Amino acid sequence: MQQTPDDLSMVFEGAAGQGVKTITALLLPILKNSGYHLFSCNEYMSRIRGGSNTTEIRITGKKRQACIDRIDILLALTPHAFDRLRHRLRDRTLVFAEKEQFGDHCDQRCIDTPLSELAAEAGGKVYANMVALGIVLAVIGTPLEQCSDFLREQFADKGEEVVENNLKAASLGYDFGLKVPEAKNLKVPEPALQNGKELLLMNGTSALGIGAVAAGCNFICSYPMSPGTGVLTFLAKRSADFGIVVDQAEDEIAAINAGLGASYAGARALVTTSGGGFDLMQEGFSLAGMIETPIVIHIGQRPGPATGLPTRTEQGDLALALHAGHGEFARAIYAPGTLEEAIETMQHAFDTAQQYQIPVVVLSDQYLLDAETTIAIDEIKRLPTERGIVETDENYRRYAFTENGLTPRGVPGYGTGIVRVDSDEHDEQGLITESFEMRQKMMDKRLKRLTALRENALPPTVIGDPRSAEVVAISWGSNRGVLEEALDRIGDSRIAGVHYAQVFPLRPNTAALLGNGRRKIAVIENNALGQFADLLQRESGIVATHRILKATGEPFSVEEVIEKLREVVNG
C-alpha cells in the first residue's frame, strides 16, 4: 500500500528507557490541537530497559482506527529497528538514524541523523527523544511555536533548566529537519475540518473507564494484571470525583468475591483483570450465576497460555469467558472495537448485568486498550440507567418464581424484608434445598432469561449489504477498525462486513443476516483456532468458510486483511 495524500504513517523505535513513549505523549496532543485525525498504537517488549519497542502514529484525512504495515517516516534509536521493521519499509520511506551507530544496517534510505551530537549540545543524551520530536515537526510542517508552550507546561515541574534543555533539543532537531531535501516528496494530510466539534485524544482504557463512570459504577476491586490494570488506575484517579470505592485485593479470588459482596449490598460493581487472573475467578463467577447477583468483569486479553506474551495482544479468551464457571447459568459477553463502542458497550454491560441479574464480561485486548485516537466530544453518549432495586417487605422472597425468571431485586437494609442468598441450591426464600423438583425449577428460572438476552442483544454493525454480497467478512472486538478500513480501500461491492460488539448471546436473526450458508463467510480473529467462528456456528448454524487468523501477538494490519479478503473473493 503506497502513501496517499490523506494518510501519513510515522514509526518511532527505541529501547525501553529511551523515551519513545515520551515522544508519542508529546506529539499526539500537538497534532490533535492542529486539527488532525490521529491513530496511534504501541508494541513493546516485557522489560524495563533495553529491547526494541515501537509506536506508530498515523495522520489521516478521514478517521481511521487501525494500524498499517507501511512506514513513511521511521525514526530509529537502536540498530534493531532495521531487522525488525525492514519488511515495512518502502522505497520512499524516510529513515532517520545515526549511520555511525547503525553501520551496515543503514541502506540508501537512511538519512544520517546526529541524534547523539544534537542531544549532547542540548544538555545530554537523555534529550535525544526531544531532538527526534523536533525533526518530525519540521518534516511534517508543524510550526515549532505550537510545541514550545506545550513543552514548557509538560516539564515545568522539573525545573527551568530541564525546560530550556528540552526546548533547545526540539529546536536543534527542528532545524535539522528543515534541511532534509527528501522530505519535500512527503505527502502530509490536511487538518480535518471538524465543523466546530471539539476533538479529544483518548485510548481504549480511558474509554472503558468513562463508560463505567457513565454507567454509575461505584465500586471496583481488582488485583493488578496487565493490560487490564489501566481501568483500575483510571477509576482510582477519579474515585473522589465520582464516589467510587476502590479496593486493590490481595488476589483475583478476593477481588471477584469483594465485587459480589458490594453488588449484594446494592453497588454497581466492576472487576478488571486479564485472562490469567480470570482463571482464578471461576468459582466466584459461578457464584454470581447461582445467587443471581449482577457483576461486570473486564478482561484485557493478552496471549496465553500461562504468562504467554504479557505485553502483546490477542483475542484468545472468548472461549474462556463463554465457558467460565462450573455448572450452567446465563451470561452476556461484549467486545467493543472503537472508542465510541467501548464507552457505550460498558454502559450496556452494567445495564445488562443489573436488568438480568447475571455476570457480564467485557472483552478488550492490549491493542485496543493502548491505542489512542481522536474522538469528537459529541460522540460520547451517556445512556439512561435504571436502579433496578426494589424496597422489600416482610414477605420478600429473593428467588420468587416469575414468568420471565427474574425476581425483583432487593438489597439488605432497603425495606423490612430479609434478602437471603446462598451458593447451595435453594428455594424461593434462599434456604438450602436438596429437592430434585426445586432444583429443576431453579435451573429453569436461571436459564429462562437467555431468551430475553438473545432477543435484546446488541445488533451488529453492518458495512455494505451482506444480503447481496458474495463474501461477508466478520469481525469482533478490536478488529472493527481494520475491517472497516480494508473494505473502504478495496471498494468492492462483492464484499460486505459485519462487526459484533456483543459476541454472546447472538440475536435470533443472525443466520438470516449472514445468508444461511449461501455465501462465503470469512471470520477475522486474533487467535489460533477461530473461537468466534466456532461460537457463530454453535449459535446460528452458520459455518465460516474461511478463518483469517493471527496469533503472533500482533494486531492485524490493513494490508494483511486486504490481501486475505481479496484471496477469499477471488478464490
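Everything in this summary refers to the structure shown in the same document. (Residues numbered from 1 in each chain as written. Predicted model: local features only at pLDDT ≥ 70, side-chain atom pairs only at ≥ 80, totals over all residues. Heavy atoms only, no water.)

If you look at the biggest cluster of nonpolar residues, it comprises 80 residues, and the most contacted ones within it are Leu235, Leu270, Ile474, Tyr500, Leu514 and Phe532. With 8 residues, helix 15 (residues 339-356) is the single largest residue contributor to this core. Setting aside anything within four residues of it in sequence, one finds Leu514 in contact with Val472, Ile474, Val498, Tyr500, Arg519, Ile521, Leu536 and Ile542. Among the nonpolar cores identified, the runner-up in size contains 50 residues, and Ala122, Ile140, Val163 and Leu167 belong to it. (Core = buried A, V, L, I, M, F, W, Y, C linked by side-chain atoms within 4.5 Å. Buried < 20%, exposed > 50% of the residue type's maximum accessible area, 1.4 Å probe, protein only. Helix = DSSP H or I, 4+ residues; strand = E, 2+ residues; numbered from the N terminus. Contact = heavy atoms within 4.5 Å.)

Right, let's talk about the state of the cysteines for a bit. The full count for this structure, using the stated rule, is 0 disulfides. Of all cysteine sulfurs in the structure, the one in Cys221 sits closest to Cys217, which takes part in no disulfide; the separation is 11 Å. What makes Cys217 buried here is its relative accessible area of 3%. (Disulfide = S-S within 2.5 Å.)

In this section: the sheet that holds strand 7 (residues 199-203). The strand order across the open sheet formed by 8 strands is 6-5-4-1-3-2-14-7, and the pairing between neighbours is mixed. Taken across any chain shown, the strands that pair with only one partner, and hence form the sheet edges, are strand 6 (110-112) and strand 7. For this sheet, the mean angle separating the axes of adjacent strands, direction not counted, is 25 degrees. Relative to strand 5 (residues 89-97), strand 4 (residues 71-76) runs parallel, the two being bridged by 4 bridges. By the bridge assignment, Ile73 is partnered in strand 5 with Leu94. On the sheet, helix 15 packs against strand 7 and strand 14 (372-376) and is oriented at approximately 75 degrees with respect to strand 14. (Pairing = 2+ DSSP bridges. Axes fitted to C-alpha atoms, helices over the stretch in contact; angles between N-to-C directions.)

A word on empty space enclosed by the protein. Scanning the entire structure with this criterion turns up 4 cavities of 30 Å³ or more. Lining the largest cavity are Phe39, Gln65, Gly337, Thr338, Leu339, Tyr367, Leu368, Ala371, Glu372, Thr373 and Ser478. Of all elements in the fold, only helix 16 (366-370) and strand 14 reach the threshold of two or more residues within the lining of the largest cavity. Here the lining of the largest cavity is built from residues that sort into 5 nonpolar, 5 polar and 1 charged. (1 Å grid on protein atoms, 1.4 Å probe; cavity = no way out; pocket = protein on both sides within 12 Å on 5 of 7 lines; lining within 4 Å. Points joined across faces, edges and corners; volume = space filled by probe spheres on them. Nonpolar A, V, L, I, M, F, W, Y, C, P; charged D, E, K, R; others polar.)

Now for the pattern of salt bridges. Under the definition given, this model contains 30 salt bridges. Here Arg480 ties to Glu484 by a salt bridge, and the two come within 2.9 Å at their closest N and O atoms. Of this pair, Arg480 and Glu484 both sit in helix 18 (residues 480-490), separated by 4 residues, roughly a single helical turn. Look at Arg480 and you get buried, because its relative accessible area is 16%. Judged by relative accessible area, which is 25%, Glu484 ranks as partly exposed. The residue Glu560 makes a salt bridge to Lys550 at a minimum N-O spacing of 2.8 Å. Note that Glu560 is positioned in helix 21 (residues 558-570) and Lys550 in the loop between strand 20 (546-549) and helix 21, a separation of 10 residues in sequence. Taking the relative accessible area as the measure of exposure, Lys550 reaches 11% and is therefore buried. A cluster of three or more residues bridged by salt bridges with shared partners is formed by Asp7, Arg58, Lys62, Arg64, Arg70, Asp72, Glu485, Asp488 and Arg489. (Salt bridge = Lys/Arg side-chain N within 4 Å of Asp/Glu carboxyl O.)

Turning to the packing of helix 18 against helix 21, a few remarks are in order. Helices that pack against each other are described as a pair by the angle of their axes relative to one another and the distance between those axes. One can describe the packing of helix 18 onto helix 21 by two numbers: an axis separation of 9 Å at closest approach and a directional angle of 60 degrees. Here helix 18 is positioned oblique relative to helix 21, judged by the angle of their axes. Between helix 18 and helix 21 lies a crossing of right-handed hand. Across the interface between the two elements, Val482, Leu483, Glu485, Ala486, Leu487, Arg489 and Ile490 of helix 18 pack against Val558, Val561, Ile562, Leu565 and Arg566 of helix 21. When grouped by side-chain class, the residues that make up the contact of helix 18 with helix 21 number 9 nonpolar, no polar and 3 charged. (Parallel < 35°, antiparallel > 145°, perpendicular 65-115°, else oblique. Left-handed = near helix turned anticlockwise from the far one by under 90°.)

Below, the discussion takes up the environment of Pro29. Here Pro29 is to be found in helix 1 (residues 20-33). Judged by its relative accessible area of 16%, Pro29 falls in the buried class. Sequence separation between Pro29 and Leu201 is 172 residues; the distance between their C-alpha atoms is 7.2 Å. Pro29 has contacts with Thr24, Phe150 and Leu201, leaving out every residue within four places of it along the chain.

Mapped onto the secondary structure, Thr142 falls in the loop between helix 5 (128-140) and helix 6 (145-155). On the accessibility criterion, Thr142 (2% relative accessible area) is buried. Setting aside residues no more than four positions away along its own chain, Thr142 makes contact with Ile30, Leu31, Ser34, Leu137 and Tyr174.

Moving on, we come to unusual backbone geometry. Following Ser226, the chain continues to Pro227 via a peptide bond in cis, the omega torsion being 5 degrees. Topologically, Pro227 is positioned in the loop between strand 8 (219-222) and helix 9 (229-237). The omega torsion of the bond from Phe504 to Pro505 falls at -10 degrees, within 30 degrees of zero and hence cis. The residue Pro505 is located in the loop between strand 18 (502-504) and helix 19 (510-514) in this model. One non-glycine residue, Ala306, adopts positive backbone phi at about 55 degrees. Here Ala306 shows up in the loop between strand 11 (295-301) and helix 14 (318-323). A relative accessible area of 78% means that Ala306 is categorised as exposed.

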